[in-house]
Structure formats: C-alpha cells, structure tokens
Amino acid sequence: MTQSEALSILKTGANVFLTGEPGSGKTHTVNAYISWLRSHGIEPSITASTGIAATHVGGMTMHAWSGIGIADRMTPELLDTISNKEHVAKRLQKAKVLIIDEVSMLSANVLSMVDDVVREVRHEPTLAFGGLQVVLVGDFFQLPPVSRNAVQFAFESPAWAKLNPIVCYLSEQHRQDDSQFLSVLGAIRSGEWDHTHVSLITAREAEYDSIEEGVPQLFTHNADVDRINSEQLAKLPGSPKTFAMTATGSSALAEALKRGCLSPETLVLKEGAVVMATKNNPAVGYANGTLGIVTGFERGTNYPMIETRSGREITIAPADWAVEEGGKVKAKLTQIPLKLAWAITIH
C-alpha cells in the first residue's frame, strides 16, 4: 500500500493499524494526517508507548495521556480515581482522534487499561475507546513491550479486537535504495535468510585498522561513545563552537524531553567533525541518521554547515522538540539537531 492510499483510508475516520518496514514512511504518513486534521479544525491526541518515542512525535506517553501512570493493572478504585481527575477527564472528553506511536512496545494489558479509562470517562461503555478514532502506528517485527516479565503484545488485547483496525501495510521504501542491503534487512526481519544474505554481510568484513575514515564505530555503552567522540574532536585543529540547548515550558516535561532527545544539551563542534542528524527535515534535505562532515559555520548565524555522505551541502539550523496538548505547546527544547558520530551506540 502506498502512503497516499493509507492517508485516504485515515481520512475516512476508520480505526487503522499503520505498519510497514523501517523506512516505509509510517511517520511521514501520520504527520500528513495530523496536518490534514488540523487544517480541518481537529486537534489529535498524539501519544507514544515510551518517553523517547513521544519526543519524536511531539506528544506525551500513553500512560500520562490516559492518567494510568505507572499502574500495572486496572481496579475499580483506580478507574474511579482517574475518572475524577478533572484535567484527565477534560482531555479525554475533548479528544476526537487518538494516535498511538510505537505500539509494538505497548503491552496488551496497558492497551486494555487505557480502553477502560476512555470508555468510562466518555460514558460510552460499549464503544471501543469511547468511540474515538484510534490510529495505531508501529511494527511488531521491531521492539517488543518493555517489561521484566513475559507480556502479551498489544494486538492480543481484547481492546485491539474491539477496535478491529484496518491494516495499512506501507510497501514503499523511502530510506534506502540499495536493493541488496534491503534484501538483507528484509530477510533478518522475517527470519527467512539464506547463504546469499550471509555472503553479502561477510563481504563487508574488514580489519579494524582498515575501516574507512568517517564511518561510525558501534559500541554498546554511551561511555565508550563519548570517549571516542571527545578524543577525535580534540584532535581537530581550530576553535570549537558550542551550542547550548534551551528549554521552555513545564520543567518536568522539559526534563522528560531531554531524556528522549538525541542531541546533547551542550553540543561542541569543530570544522571536520563527523556528525549525524538527530531529526527529520526532508524539506532541507536531511533525516534522523544522515551522516556528514562539518565544513564550516555560516557567517552571521554560526549555524554549522555540513557535507553529507551523498555530497550535499546543508546548513543545519536549530530545531524544536516539543510536547503538545490540545494544540498548545506544554514544553519545548531547541537545539542544533546534530550529534558527534565518530562513534554511536548500537541503539
């Protein structure tokens, strides 16, 4: 299914499960639907399964939006307590469209709890999620629910069955155009690999000393990443440029945004630094993960200019990470959407 076909289905008001391989355009399609809703005077409730995921969609966690917090099971007492919280009740009663991003990381139990709360607050006990249009976004071939114990996936919840969402499986690929690489990713994702995929991977094997200059090294811990990046930055000549993150709005929400933001609070760059973009901006020509080299700093603004691996010259202006509710910004971070990338974590 193409993005435009999925968008047409979303516009009908149907419950939808929007899924597809990484790079198929799930986020782009959701953002297009959000823009369409707002152009028609409808402010969607934008949520995600985790705090980090929430920063990427400019929303809040499903736990905070619904008022369930850290509770792990629903009881009549908890349902009554949440229903009597004025700010939660007002938020849920005003809602028209609920978007849940990274739904693969949401357990069946949490989805059912949220369904219980929404039906109670909206006084619609027989309608799934109180009659809201629900848009579930994610890929169950990726990250599972976060838990120390075995849990059920969201699609195993009775609430999912009641929603009965239309499955919109995006089939186009917008992030990669290397057919061999895509075949390896697809084989790993589906668990259907063979010797040709293994051969493609082993053909890329190289001794450590022969790794191409500027190719990020992968580590499991941030401490190793920070050490390598600091060492490499110190080797470069010239004066460093420092960019400090600014925060506005609720301090608690701002701190939550900082934990999920991939750009550091203090970003130090020099000409020649290897960097990676931490946010999508297709209009300018970069995406989360775009690699490049700092070639200088724009006169007047001091914004870093980078040359991407594809040879494109781009000036990187500050970007915002925000939490919105009811069309109003509750907290916002502003920083250059870059991070040093001689080394990165496997995550």
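Predicted model only: the values in this text are computed from it and were never measured. Counting from 1, residues in each chain are numbered in the order their sequence is written. Totals for whole chains, interfaces and linings use all residues, but because this is a predicted model, local features are given only for residues with pLDDT of at least 70 and pairs of side-chain atoms are given and counted only at 80 or more. Here the side-chain values reflect all heavy atoms present in the structure, with hydrogen atoms and water set aside.

## A word on the packing of helix H5 (residues 76-83) against helix H7 (residues 108-121)
Part 1 of the argument: Two elements in contact, H5 and H7, have axes separated by 10 Å at closest approach and are oriented at 55°. With respect to their mutual orientation, H5 and H7 come out oblique. Taken as a pair, H5 and H7 cross one another with a handedness that is right-handed. Contacts between H5 and H7 pair Leu78, Leu79, Ile82 and Ser83 from the former with Met113, Asp116, Val117, Glu120 and Val121 from the latter. Axis definition: a line fitted to C-alpha atoms, over the contacting stretch in the case of helices. Angles run 0 to 180 degrees between N-to-C directions. The numbering of helices and of strands both runs from the N terminus, where a helix is a DSSP run of H or I of at least 4 residues and a strand a run of E of at least 2. If an angle is under 35 degrees, it is roughly parallel; if it is over 145, roughly antiparallel; if it lies from 65 to 115, roughly perpendicular; otherwise it is oblique. Crossing handedness is read from the near helix: turned anticlockwise from the far helix by less than a right angle, it gives a left-handed crossing, and turned clockwise, a right-handed one. Whether two residues are in contact is decided by their heavy atoms, any of which lying within 4.5 Å being enough.

## Focus on the packing of aromatic side chains
Part 1 of the argument: Aromatic rings from Phe, Tyr and Trp, with only the six-membered ring used for Trp, were paired whenever their centres fell within 6.5 Å, and each pair was classed as stacked if the ring planes differed by under 30 degrees, edge-to-face if by over 60, and tilted otherwise. Within the structure shown, the criterion is met by eight aromatic pairs.
Part 2 of the argument: With a centroid separation of 5.8 Å and an interplanar angle of 85°, the aromatic rings of phenylalanine 140 and phenylalanine 153 are classed as edge-to-face. With a gap of 13 residues between them, phenylalanine 140 in the loop between strand S5 (133-137) and helix H8 (158-163) and phenylalanine 153 in the loop between S5 and H8 connect regions that are remote in the sequence.
Part 3 of the argument: For each residue, the accessible area found with a 1.4 Å probe, counting protein chains only, is set against the maximum for its type, and the residue is called buried under 20%, exposed over 50%, and partly exposed in between. Judged by relative accessible area, which is 18%, phenylalanine 140 ranks as buried.
Part 4 of the argument: In this structure phenylalanine 153 comes out as partly exposed when scored by relative accessible area, which is 26%.
Part 5 of the argument: These aromatic residues form a ring-pair network of at least three members: Phe17, Phe140, Phe153, Phe155 and Trp160.
Part 6 of the argument: Against the face of phenylalanine 297 rests lysine 241, its NZ or CZ located 5.8 Å from the ring centre. Working rule: Lys NZ or Arg CZ, within 6 Å of ring centre, within 35 degrees of ring normal, means a charge sits over the ring.

## A closer look at the side chain of arginine 119
Part 1 of the argument: Topologically, arginine 119 is positioned in helix H7.
Part 2 of the argument: Ignoring any residue separated from it by four or fewer positions in sequence, one finds arginine 119 in contact with Glu124, Pro125, Leu127, Ala128, Phe129, Gly130 and Lys162.

## Some thoughts on the nonpolar core
Part 1 of the argument: Grouping buried Ala, Val, Leu, Ile, Met, Phe, Trp, Tyr and Cys residues that are joined through side-chain atoms within 4.5 Å yields what is termed a nonpolar core. Within the largest apolar cluster, 41 residues are counted, with the highest numbers of intra-cluster contacts made by Trp65, Ile100 and Phe129.
Part 2 of the argument: Ranked by residue count, the leading element in this core is H7, at seven residues.
Part 3 of the argument: Filtering out sequence-adjacent residues up to four positions away, isoleucine 100 remains in contact with Thr47, Met62, Leu106, Leu111, Val134, Val135, Leu136 and Val137.
Part 4 of the argument: Of all hydrophobic cores here, the second largest spans 27 residues; its members include Ile228, Val274, Leu291 and Val294.

## A few points about the sheet that holds strand S11 (residues 274-277)
Backbone-to-backbone hydrogen bonds join strands into a sheet, with any given pair of strands oriented parallel or antiparallel.
Part 1 of the argument: The pairing criterion for strands is at least two bridges between them, as found by DSSP. Taken in spatial order, the five strands make up an open sheet running S14-S13-S12-S11-S17, and their pairing is antiparallel. Of all strands in the sheet, those with a lone pairing partner are strand S14 (313-315) and strand S17 (338-340), marking the two edges. On average, adjacent strands in this sheet sit at an angle of 45° to one another, irrespective of strand direction.

## A few points about the pattern of salt bridges
Part 1 of the argument: One side-chain nitrogen of Lys or Arg within 4 Å of one carboxyl oxygen of Asp or Glu is enough to make a salt bridge. Applying the stated rule across the entire model yields nine salt bridges.
Part 2 of the argument: Across the pair glutamate 43 and arginine 38 runs a salt bridge, and its minimum N-O distance is 2.9 Å.
Part 3 of the argument: Judged by relative accessible area, glutamate 43 falls into the partly exposed class, the value being 27%.
Part 4 of the argument: For arginine 38, a relative accessible area of 34% corresponds to the partly exposed category.

## A few points about the side chain of threonine 47
Part 1 of the argument: Residue position: threonine 47 is located in strand S2 (residues 45-48).
Part 2 of the argument: Judged by its relative accessible area of 0%, threonine 47 is buried.

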